[in-house]
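Next come the chains, spelled out residue by residue.
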Amino acid sequence: MKKLFVLLALCVVSTNVVAQNKPMKEFVDELMSKMTLKEKLGQLNLLPAGNITTGAAQNNPIVHQIKDGELGGVFNIKGLDEIRTLQEMAIKKSRLGIPLLVGMDVIHGYETIFPVPLALACSWNLEGIENSARVAALEASAEGVNWTYSPMVDISRDARWGRIVEGAGEDPYLGSLIAKAMVKGYQGDYSLPSNIMACVKHFALYGASEAGRDYNTVDMSRLRMYNEYFAPYKAAVEVGVGSVMTSFNLVDGIPATANAWLVNDVLRKQWGFDGFVVTDYASIHEMTTHGVGDLATSSARALRAGTDMDMVAKGFIGTLEQSLANGQVSMADINQACRRVLEAKYKLGLFKDPYKYVRVKNRNQYVYTAANRKAARDLAAETFVLLKNENQVLPLKKQGKIALIGPLANDRTNLCGTWCVAMAPERYSTLKESMERALKGKAELLYAQGCNIASDDALQKAGEQGKNIMRVDDAQAKAEALAVAAQADVIIAAMGEAAEFSGESHSRVNLELPDVQMALLKELVATGKPVVLLNFSGRPTILNWEKAHVPAILNVWFGGSEAGDAICDVVFGDKNPCGKLTTSFPQHVGQIPLYYNHFNTGRPVADGADRFFSYQSNYLDVRNDPLYPFGYGLSYTTYQYGELKLDSKTMSPDGQITVTIPVTNTGNRDGIEVVQLYIRDVVGSIARPVKELKGFQRLSLKAGETATATFTIDASKLKFYNYDLKEVVEPGEFDVMVGPNSRDLKRATITVQ
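This text gives an overview of the structure that appears in the document. (Residues numbered from 1 in each chain as written. Predicted model: local features only at pLDDT ≥ 70, side-chain atom pairs only at ≥ 80, totals over all residues. Heavy atoms only, no water.)

### Concerning the packing of aromatic side chains
- With the rule as written, the count across this model stands at 26 aromatic pairs.
- Consider the rings of W557 and F585, whose centres lie 6.1 Å apart with planes at 80°: the pair is edge-to-face. Remark: F585 occurs in the loop between α22 (563–571) and β17 (639–641) and W557 occurs in the loop between β16 (552–555) and α22; sequence separation between them is 28 residues. The same class applies to W557 and to F585, which are both buried.
- Joined through ring pairs, the aromatic side chains of F203, Y226, F230, Y233, W261, W271 and Y721 make up one cluster.
- Directly above the aromatic system of Y110 lies the positively charged group of K78, at a separation of 5.5 Å from the ring centroid. (Phe/Tyr/Trp six-rings, centres within 6.5 Å; stacked < 30°, edge-to-face > 60°. Helix = DSSP H or I, 4+ residues; strand = E, 2+ residues; numbered from the N terminus. Buried < 20%, exposed > 50% of the residue type's maximum accessible area, 1.4 Å probe, protein only. Lys NZ or Arg CZ within 6 Å of the ring centre and 35° of its normal.)

### Details of the pairing of strand β21 (residues 671–681)
- Among the 11 residues of β21, 9 are classified as buried, and the element is accordingly described as predominantly covered.
- By the bridge criterion, 9 bridges tie β21 to strand β22 (residues 692–701) in an arrangement that is antiparallel. Note that in β22 the partner of V674 across the bridge is R698.
- Note: β21 against strand β26 (residues 732–739), 6 bridges, orientation antiparallel. Each bridged residue has a counterpart across the sheet, and for Y678 the counterpart in β26 is M737. (Pairing = 2+ DSSP bridges.)

### Focus on empty space enclosed by the protein
- One pass over the full model with this rule turns up 6 cavities of 30 Å³ or more.
- Of the volumes computed, that of the largest cavity is approximately 150 Å³.
- Those elements that provide at least two residues to the lining of the largest cavity are α6 (117–121) and α8 (172–186).
- The greatest single-element share of the lining of the largest cavity, amounting to 4 residues, is contributed by α8.
- Residue classes in the lining of the largest cavity are distributed as 13 nonpolar, 3 polar and 1 charged. (1 Å grid on protein atoms, 1.4 Å probe; cavity = no way out; pocket = protein on both sides within 12 Å on 5 of 7 lines; lining within 4 Å. Points joined across faces, edges and corners; volume = space filled by probe spheres on them. Nonpolar A, V, L, I, M, F, W, Y, C, P; charged D, E, K, R; others polar.)

### Some details on the sheet that holds strand β12 (residues 401–405)
- As summarised here, the arrangement of the 6 strands in space is β11-β16-β15-β14-β12-β13, forming an open sheet in which the pairing is mixed. Edge positions in the sheet fall to β11 (385–389) and β13 (444–448), since each has one partner strand and no second. Looking at each pair of strands side by side, their axes are set apart by 15° on average, direction ignored.
- With 4 bridges joining them, β11 and β16 adopt antiparallel strand pairing. Residue pairing across strands places L386 opposite L554, the latter belonging to β16.
- This element, α22, spans β14 (490–496), β15 (531–536) and β16 of the sheet and lies at about 145° to β15. (Axes fitted to C-alpha atoms, helices over the stretch in contact; angles between N-to-C directions. Contact = heavy atoms within 4.5 Å.)

### Considering the layout of surface pockets
- Here the largest pocket is characterised by a volume of approximately 840 Å³.
- In this structure, the largest pocket is lined by 33 residues; those nearest its centre are H598, V605, D607, N624 and V690.
- In terms of residue class, the lining of the largest pocket is built from 16 nonpolar, 10 polar and 7 charged.
- Of the pockets and cavities examined, the second largest pocket occupies roughly 670 Å³.
- Surrounding the second largest pocket, 25 residues form its lining, S176, A231, K694, S716 and K719 being those nearest its centre.
- The set of elements that each furnish at least two residues to the lining of the second largest pocket consists of α8, α9 (222–229), α10 (231–238), β22, α23 (715–718) and β24 (720–721).

### Quick word on the sheet that holds strand β2 (residues 73–75)
- Strand order in the open sheet formed by 5 strands is β4-β3-β2-β1-β10, with parallel pairing between adjacent strands. Looking at strand neighbours, the two that pair on one side only are β4 (147–148) and β10 (310–311), the edges of this open sheet.
- Two elements, strand β1 (residues 45–48) and β2, share 3 bridges in a ladder whose sense is parallel. Bridge pairing links L46 to G73 in β2.

### Structural notes on the pattern of salt bridges
- Inspection of the entire model under this criterion finds 51 salt bridges.
- Among the salt bridges present, the one from K22 reaches E30, with a minimum N-O distance of 2.4 Å.
- Among the ionic pairs, R698 bridges to E382, the shortest N-O distance being 2.8 Å. Separated by 316 residues along the polypeptide, R698 in strand β22 and E382 in helix α16 (residues 370–383) bring together distant segments of the chain. (Salt bridge = Lys/Arg side-chain N within 4 Å of Asp/Glu carboxyl O.)

### Some remarks on unusual backbone geometry
- Following F203, the chain continues into A204 via a peptide bond in cis, with omega recorded as 10°.
- With respect to the element layout, A204 can be found in the loop between β5 (199–203) and α9.
- The amide bond that connects L394 to the next residue, P395, takes the cis arrangement and shows omega of 0°.
- Examined against the element boundaries, P395 turns out to sit in the loop between β11 and β12.
- A positive phi is found at Y615, a non-glycine position, where the angle reads about 55°.
- Here Y615 falls in the exposed class, since its relative accessible area comes to 68%.

### So, the state of the cysteines
- For the coordinates displayed, the defined rule picks out 0 disulfides.
- Cysteine C416 remains unbridged, with the sulfur of C420 as its closest cysteine sulfur at 4.9 Å.
- Classification of C416 by relative accessible area gives buried; the value is 1%.
- No disulfide involves C568; its nearest neighbouring cysteine sulfur is the one of C416, lying 15 Å away.
- Classification of C568 by relative accessible area gives buried; the value is 3%. (Disulfide = S-S within 2.5 Å.)

Spatial relationships are all this shows, so hold off on functional conclusions.
What follows is the structure, encoded as structure tokens:
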């Protein structure tokens, strides 16, 4: 019986091998000619798999849909055996044997978890970021996953928005480069067995939700869309991303999922996207709440607008047959959507080998390996941003007594951050465990939890989402912490957000350190002993008191499965911090949205102005500038920037200018400095931002070494979309600025003739 089963399986694979040897169009034409209407609609249907076990699979309702050809894909199911069971059902039990797409939210790692995406961006290490996606794809593909809902490339300038943690920050140039790196890492050109299909999201403008509240309305001019928000999506399309996910929000008053201008005109016609479009979770169903109409109406509008696959809502599979009969959609609409989904499966090689992603025999060769963990640990150390280091408190020496205090000091789940669907926390170290290893035989580590994440139990639970931190009596825990601090030579405070204080549906209006943590931190500082704050966060947080009173602040974000060891690497000086912020850190939530590449008002006040100016664009009670600017980050060494030089001060629109600046490591440690290039179009046909990032270089400098950063300015650095939404380079003056962040810059002027 077993031999017969194997022979049948080989026969199916053999048939598909011959089929996929045909060109894609010919193959898909032939397959679609055999499909019924229901089978075509089935390819547009995407559902969560639920709990699947080999023995009980027959009892799962989803199995019947697979057998009947009414399901194109499943998502967020973990386990090679479970996925193999479903894929075998699709191949052997359905009439045409069409394989399934198997998706998962592999956002910043599979079991080897890398830092959250906002943190990854702060490394400015495009090669490392691409490799993080490659490692994630390697692990996920070894477990049967062939499609990831990543990268998220939404530009966000609102720290209140929880999903800011999933993107690259506030800048479209850097965001575009990271979008390309992530797509290349996951997907490449599909040539490797470990390549999985990427899905860029959320199209479009999701990061600009009003009031920073998730799923909320977005309303902006098309000029702003093209010049400030569209670039990362377009960049992902340019490197061949296979799929795009629509966003929940309205765009021009129409839900993105049913916005024909957005999906058909911009994405497909203007940018040439040739993959398929999938909805976000049940977004077609939610269109009814937006006032679009019932499920049938919403489904028809989404299909006509160019959306190809319906995640969860069951609108396509449940209503389009009747809508076709009523004339609300055409057979051409259905065929086009079905074709795009089948083409995705063809590109993945699933028709040639339906079991391509379920053949691994030893997962330990691919998942959570020593090499993967090292990659995650090394990159995590590059994401940490040193915000303050008074009197060179850091790095700490491995000697004496060191107190580790805080609610995040001995937790193994929250350190990974949000969106870790496949995480295996039992395999990860807590910060305390990592420090015990790092200090063994050299220094004594003292520990106390010290307090809860927040005094409000309900708030803490909302911010944990099952990643629970033990609740303690705050007064008693504080007393224990102060007793530990009294014995120590130096204090490390592991404080900040819980993992799910940021992420989907976790928007916040209070961005300061939660109450009981702040109260404890103030008492730790009052001891007079050196205090190092490890600030855990998934967003820019407000650190006014901390900046004024805490000697050293290291923003460690959520560093992933290897966060504990990576933090020790930096805190104890084995590695030199080099992270730079990709979001502006506000002084007050009332400044939000806050971003460096803003427009001038007619009555501007210079950043850093320390008093109020009547009838000027400023606040009575808070300065305009951020607490920490975009691009900011300190090091254990120091860097000196020399004279900014241009090889010419004029250029034609099709010419170029070379910009150079020497940078010297003036300290006694080797380090990496991220040198940043900004440009301002001084006079334009429309108002232009005060500065825009247009280049950067990561210089690796030994102590005392000087190297030259070199940038080329050409049309690609100067162009923008004008009032008519045409991409242009306009003649005139441009300010060229280079420095270590968006605030501290050397300047020169060029003229485009």
